[in-house]
Amino acid sequence: MIPGFWIAVSGLALVLFLMLHLGGVTLALVDAAAFESYAAALHQQVWLPWLEAALAGTALIHPFLSLRRTVANRQARGPAAGPLRSRRQGPWEPLAALAARAIPWSGALMLLFLILHIAQLRWDRPPAGMELTAVLAALRAPWSLALYVAAGASLGLHLLHGGESAVRRLGLLAPATATSLRQAGRGLALLLGGGFALLPVALVLAARAAADVGG
Ligand code: HEM
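No experiment lies behind these values; they were computed from the predicted model shown. (Residues numbered from 1 in each chain as written. Predicted model: local features only at pLDDT ≥ 70, side-chain atom pairs only at ≥ 80, totals over all residues. Heavy atoms only, no water.)

### A few points about the coordination of the iron atom of the ligand
- Within the protein, the iron atom of the ligand binds to His 21 (NE2) and His 117 (NE2); these donor distances fall in the range 2.0 Å.
- One can describe the site at the iron atom of the ligand as octahedral: its six donor atoms subtend angles covering 85 to 178° at the metal. With His 21 in helix H1 (residues 3-30) and His 117 in helix H5 (residues 103-123), the pair connects residues that are 96 residues apart, well separated along the chain.
- With relative accessibility at 15%, the residue His 117 sits in the buried group. (Donors = N, O, S within 2.8 Å, 3.2 Å for Na, K, Ca; no water. Tetrahedral: all angles 85-135°; square planar, octahedral: opposite > 155°, others 65-115°. Helix = DSSP H or I, 4+ residues; strand = E, 2+ residues; numbered from the N terminus. Buried < 20%, exposed > 50% of the residue type's maximum accessible area, 1.4 Å probe, protein only.)

If you want it as structure tokens, here you go:
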């Protein structure tokens, strides 16, 4: 099977994980006790290690195949061809064009973020009832908070191009459905990117407000 197909499938699988992940971590903001119960229940599931192994494999295959295809495309087009330019018009198009050009960089930043993120919160898994404390400790240093915000913004940018590219690779972008699929993809990019960029700041502000009230 051609690599483009697997890039699309692995990318969409990661998006599915991220939708569930954003839902799970949003609980930390709206109901801390429910977040702790959810994390504790999740960690007791026998299928969790299998799911994590599949997730790690998918998260490695996706950038590996994407990088290989970028190099192959560059070699096929040659140095004189220059960057591809979209002919579409509209308010989103400059941002979509930036997202397309920046896709290796937004992906690289997320990989860098993931190394830190997994070391902070997954490698040394916090004991039951301490998940939110561990998240807040991970967000304490300003540079770490900034990296979380940048990773969220990179995710939004990455999906702005990647979502449309994936449905095209899977042959789903027919003329009749193109506009609605494109808008749905952009909405999802905004939701996940905005959600992951804003949530770390909201968690820090909520913890500060709670500490002020507590005295
Ligand atoms: C608001 C920002 C985020 C917060 C508060 C957060 C929180 C967490 C927590 C608490 C865990 C540990 C889960 C567990 O032990 O079961 C975790 C794991 C993980 N997070 Fe995040 N996360 C955030 C953003 C992201 C982003 C943007 C990505 C991807 C680009 C991501 C990818 C992952 C992955 C791959 C794991 C490992 C999952 C596992 O092995 O169980 N996270 N995150």
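### Looking at the confidence of the model for the protein chain
- Predicted confidence across the protein chain gives a mean pLDDT of 91, with 93% of residues reaching 70 or more.
- Within the protein chain, the element-level pLDDT minimum falls on helix H4 (residues 93-101), averaging 89, and the maximum on helix H6 (residues 131-138), averaging 97. (pLDDT = per-residue confidence, 0-100.)

### Re the pattern of salt bridges
- Taken as a whole and judged by the stated rule, the model has six salt bridges.
- Where Glu 93 meets Arg 186, a salt bridge forms, and the shortest distance between an N and an O atom there is 3.5 Å. Note that Glu 93 is positioned in helix H4 and Arg 186 in helix H8 (residues 178-214), a separation of 93 residues in sequence.
- Take Glu 93: its relative accessible area is 13%, and that puts it in the buried class.
- Residue Arg 186 is classed as buried on the basis of its relative accessible area of 9%. (Salt bridge = Lys/Arg side-chain N within 4 Å of Asp/Glu carboxyl O.)

### Describing the nonpolar core
- Leu 139, Leu 155, Leu 192, Phe 196 and Leu 203 are the most contacted members of the largest nonpolar core, which totals 28 residues.
- The set of elements that each furnish at least two residues to this core consists of H1, H5, H6, helix H7 (142-169) and H8.
- The element that contributes the greatest number of residues to this core is H7, accounting for seven residues.
- In this structure, Leu 192 is in contact with Val 15, Leu 18, Met 19, Leu 22, Leu 155 and Leu 159, ignoring residues within four places of it in sequence. (Core = buried A, V, L, I, M, F, W, Y, C linked by side-chain atoms within 4.5 Å. Contact = heavy atoms within 4.5 Å.)

### Description of the site of the ligand
- Around the ligand lies a shell of 19 residues, among which His 21, His 43, Glu 52, His 117 and Arg 125 are the nearest.
- At 2.5 Å, a side-chain N or O of Glu 52 approaches an oxygen atom of the ligand.
- Those elements that provide at least two residues to the shell around the ligand are H1, helix H2 (32-43), H5, H6 and H8.
- If one sorts the elements of the shell around the ligand by residue count, H5 sits on top with five residues.
- Its residues assigned to classes, the shell around the ligand comprises 12 nonpolar, three polar and four charged. (Near = heavy atom within 4 Å. Polar contact = N/O pair within 3.5 Å; in protein donor to acceptor, adjacent residues only side chain to side chain. Nonpolar A, V, L, I, M, F, W, Y, C, P; charged D, E, K, R; others polar.)

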